[in-house]
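# An overview of the molecular structure
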Amino acid sequence: MFKPLLRAAAAIALIIPATGCEKIDNNRLPPANVNLIFYTIGDWQRYGVSGAGETRNFIKQDGLPVGYPYKASEYTGFGGIMLVCDPNGEFLAYDLACPVEKNPDVRVQVDSDNPIAGLAKCPKCGSVYNLFGKGGPVEGEALKIKVGLENYFVGVGSQTPPYAYVKR
């Protein structure tokens, strides 16, 4: 029971000194349109994220998530969008493409053994990113060259449609 919490605490302890006060480049990917719309609260409840550490990937060209009703005016960035809920209930969104690799098909993946730690790793270069810390680099080539995941804006809870959205 305590093992995941200890791993999360250890990951956070590594992240704080790794990000420090140095400038991180979160705009390294080629420009791509981002427009993901959840028209109703029901859409958000079905396809959004709600619990700490929960993530969901949106890749329009791959039809992910399965069943999501993409509209012609919706776009999922350069490599897709990862929607994240952090431990404070804040909603975050990142481009899935690794900024070191700059290839839309090389996508970061959440540490499935410990999703609550908020870490994502590139399967090609091995760089690790802090999903709860603005997508900043934690280890690997990304830390060495000071690049982080590209951030997108998430708006949730509008009283009028759309209920939620992700935009550049």
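Remember, it's a predicted structure, so these values are computed and weren't measured experimentally.

## Remarks on the packing of aromatic side chains
Within this structure, the stated rule accounts for eight aromatic pairs. The rings of Phe38, Trp44, Tyr47, Phe58, Tyr68, Tyr70 and Phe91 are connected pair by pair, giving a single aromatic cluster.

## Things to note about the side chain of aspartate 95
In this structure, aspartate 95 sits in strand E5 (residues 91-95). No salt bridge is formed by the buried aspartate 95; its nearest oppositely charged neighbour, arginine 168, is found at 5.6 Å. A polar side-chain atom of aspartate 95 sits 2.8 Å from the main-chain amide nitrogen of phenylalanine 78. For aspartate 95, the side chain forms a polar contact with the main-chain nitrogen of alanine 97, separated by 2.9 Å. Not counting residues within four places of it along the chain, the set of residues in contact with aspartate 95 comprises Leu29, Gly77, Phe78, Gly79, Gly80, Leu149, Glu150 and Tyr152.

## Describing the confidence of the model for the protein
The predicted model of the protein has a mean per-residue pLDDT of 88, with 88% of residues at 70 or higher. A low-confidence stretch, residues 1-19 stays under pLDDT 50, and its non-local contacts, those more than four residues away or across chains, total 15 contacts.

The rules we used
- Residues numbered from 1 in each chain as written.
- Predicted model: local features only at pLDDT ≥ 70, side-chain atom pairs only at ≥ 80, totals over all residues.
- Heavy atoms only, no water.
- Phe/Tyr/Trp six-rings, centres within 6.5 Å; stacked < 30°, edge-to-face > 60°.
- Helix = DSSP H or I, 4+ residues; strand = E, 2+ residues; numbered from the N terminus.
- Buried < 20%, exposed > 50% of the residue type's maximum accessible area, 1.4 Å probe, protein only.
- Lys, Arg positive; Asp, Glu negative; His and termini not counted.
- Salt bridge = Lys/Arg side-chain N within 4 Å of Asp/Glu carboxyl O.
- Polar contact = N/O pair within 3.5 Å; in protein donor to acceptor, adjacent residues only side chain to side chain.
- Contact = heavy atoms within 4.5 Å.
- pLDDT = per-residue confidence, 0-100.

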